[in-house]
Structure formats: structure tokens, C-alpha cells
Amino acid sequence: MSDRTRIVIALGGNALQSKKSEPTAEAQLEVVKRTCEYIAEISSRGYEMAVVHGNGPQVGRIILSSEAAKDVVPPMPFDVCGAMSQGYIGYHLQQALTYALGRRNRNIPVVTLVTQMVVEKNDLAFQNPTKPIGAFYTEEEAKALMEEKDYAMKEDAGRGWRRVVPSPLPRKIKEIHAVKSLWKDTIVVTCGGGGIPVIENADGTTEGVAAVIDKDFSAEILAQELNAAILLLLTEVEKVAIHFKTPEQQDLSSLTLEEAGRYIEEGQFASGSMLPKVEAAMKFVRFNPGKKAIISSLDKAVEALEGKTGTVITFA
């Protein structure tokens, strides 16, 4: 199949969990089933794909459960919790996507690959935690957690307060050769939660670190490695907007590198939500001038690929 049909899909949090339902595994699976109908429909249009997903709420709950049970069983390290989230989210996606593909007579295997992402030991992000994970809290609850557990807490784009952890930049996908080997006849769920952050030691070993990698940046690296034609970043909104949630809000159908850079300088995009998506899109088209990135909502994904909606980011 032509490289023009290769895409990497990055799923936002709304693709895995609904704010209107309980944060249980059962409720998550119901949301994932709906998500996979959209992904399967994209596949039925002839696209080859790999899927990347976030894990903020899920890994937050795993960590909270581990900490709550510390008097019974030893708490799991942060990187291990990340690996656990990759496993169970991937399992849900495999189950639901296989069914959705089958309904369209597409017999394509779906495989989840536990994926490590190399980060730099000296990344400045370790000195400035910014990545939100886990549940939303009121300001009062956040302050209490900061006192009791020494968490770093920040307000998240007007949605409440959340715990934040370091978010180093991804540098290299450890299992990329396996992803490429599976690509030809398999949909691979990979780089879950941005990948398990590891550092490479001088002796050749790897070591997990306590951090969360932004899945949009990891999806961008994956798209480059796979020579994808499109990086599709799915979130809650149909289009990127400036003056977001103000009377002057303006939805954007397209962005060039120059325009996106200018809006970033103006502070138009929230650091915990839209900013990393725009930055990942910019990086992809900067290194691949003939290709494009698209930011849109999950329910408009097919239309966005057809050029009917979404925000298309191009080199110029």
C-alpha cells in the first residue's frame, strides 16, 4: 500500500473515558468500543495505521491504588504503573477494535506492544513537573495533597487541579523495529501513554524513571519512523481555536508553521491541552514539508481526513 495512506492516530483522553461515567474499567471499555468504531471506519477507507493513546487518568488511578495499599503490598514504581496502564488500555483497544473491524469484514489483527521510550537523563523537565495525571481536584483538595503527599499540583486549563509530574521529551522508541515488522498486516497499539520513560545507561542497560511522556510528541516520532503521510491528533474539539472559550473565539481550518509559531508566542494554546498537539504537529511538518498533521475531534476523524473539517497544519 502507498505511503500516502499511512497514518498515525493519537487518541485523546475522551477516546478512553467519559466525564459522564464512573472511572471504572467497565465504563472505560464502553467508551473504547465507541472509539473503535471510528478507528475501524478509518481503516475501512483503506488507511494503514498505528494507534497511540494517552494514559493520564488511568496511570493516576493505578498509582493511587498502589499508594493506598502500601501497608499491604509494596507500592509499584511509577514506570511499572505506566507499563500496567499500557497493558490494560491496549487490551481494551484490541478487544473493541477487533470486533469493530470484524463488523466491516476486515480481518486485521490488532496487537498491543508494551513500548519503552528513551528520554535524556539530564532533561530539564525533571526539574519542572508539568504533566497532569490522575483525577481533577478542587483547589482546597489540591493544597491538602501538596501538604500531605508533597505532590506538585497545578490548575489544568480551567478544568480543576491535577497532580503534575515531569514530562521529558521522547528521543527514541526502543521497540521501533518490532513496530515496523508488524506494520504490514497488523494494527499496532504502541507508545501507550507516550511510552514507558527509560534512560539508557553507559553499560547498555535501560532504567525506568518517574515521568510521563506527552503522547502527542511520541506519536510524532512514531509517524516519522513509519514514514506516515498524516499525523492525526484527536482530542475533544473539532478545530484548533484562538481566544479559546472567549467571545472572540476563532476556529481555525488551517495553520502554517509560521502562523502556529506566532499564535504560540501570543500564548493562545494551553500548555496542558492544545499546546503539545500544535507543537507535535509543527515538528512533524517541519521535518516532512510535503506532509500534513490534522487536529480534530474523535467523532469528526473521518471527515477531517477527507478535508471537510479539523485543523490542517502544513509547512507553508
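Structural data are supplied above this passage.
Just so you know, these numbers come straight off a predicted model, no measurement behind them.

(A) Focus on the packing of helix α7 (residues 257–265) against helix α8 (residues 274–287). One way to put it is that α7 packs onto α8 with a least axis distance of 10 Å and a crossing angle of 150 degrees. Relative to α8, α7 is oriented roughly antiparallel. The element α7 and its partner α8 pack so that their crossing is left-handed. Here Leu257, Ala260, Gly261 and Ile264 of α7 lie close against α8, whose contacting residues are Leu275, Val278, Glu279, Met282, Val285 and Arg286. Of the residues in the contact of α7 with α8, the class split is 7 nonpolar, 1 polar and 2 charged.

(B) Local environment of unusual backbone geometry. In this structure, Asn105 takes a positive phi of about 60 degrees despite not being glycine. Relative to the assigned elements, Asn105 resides in the loop between α3 (78–102) and β3 (110–112). One non-glycine residue, Cys191, lies in positive phi territory at about 55 degrees. With respect to the helices, strands and loops of the structure, Cys191 is situated in the loop between β9 (187–189) and β10 (196–200).

(C) Representation of the pattern of salt bridges. In the structure shown here, the tally under the stated rule is 17 salt bridges. For the salt bridge of Arg103 with Glu37, the shortest nitrogen-to-oxygen distance reads 2.9 Å. Of this pair, Arg103 sits in the loop between α3 and β3 while Glu37 is found in helix α1 (residues 25–44), placing the two residues 66 residues apart along the sequence. The salt bridge involving Glu41 is made with Arg104; its shortest N-O contact spans 3.0 Å. Separated by 63 residues along the polypeptide, Glu41 in helix α1 and Arg104 in the loop between α3 and β3 bring together distant segments of the chain. The partly exposed category is assigned to Glu41, whose relative accessible area is 25%. Owing to a relative accessible area of 23%, Arg104 belongs among the partly exposed residues under this scheme. Connected through salt bridges with shared partners, the residues Glu37, Glu41, Arg45, Arg103, Arg104, Glu306 and Lys308 form a single ionic network.

Rules of the game
- Residues numbered from 1 in each chain as written.
- Predicted model: local features only at pLDDT ≥ 70, side-chain atom pairs only at ≥ 80, totals over all residues.
- Heavy atoms only, no water.
- Axes fitted to C-alpha atoms, helices over the stretch in contact; angles between N-to-C directions.
- Helix = DSSP H or I, 4+ residues; strand = E, 2+ residues; numbered from the N terminus.
- Parallel < 35°, antiparallel > 145°, perpendicular 65-115°, else oblique.
- Left-handed = near helix turned anticlockwise from the far one by under 90°.
- Contact = heavy atoms within 4.5 Å.
- Nonpolar A, V, L, I, M, F, W, Y, C, P; charged D, E, K, R; others polar.
- Salt bridge = Lys/Arg side-chain N within 4 Å of Asp/Glu carboxyl O.
- Buried < 20%, exposed > 50% of the residue type's maximum accessible area, 1.4 Å probe, protein only.

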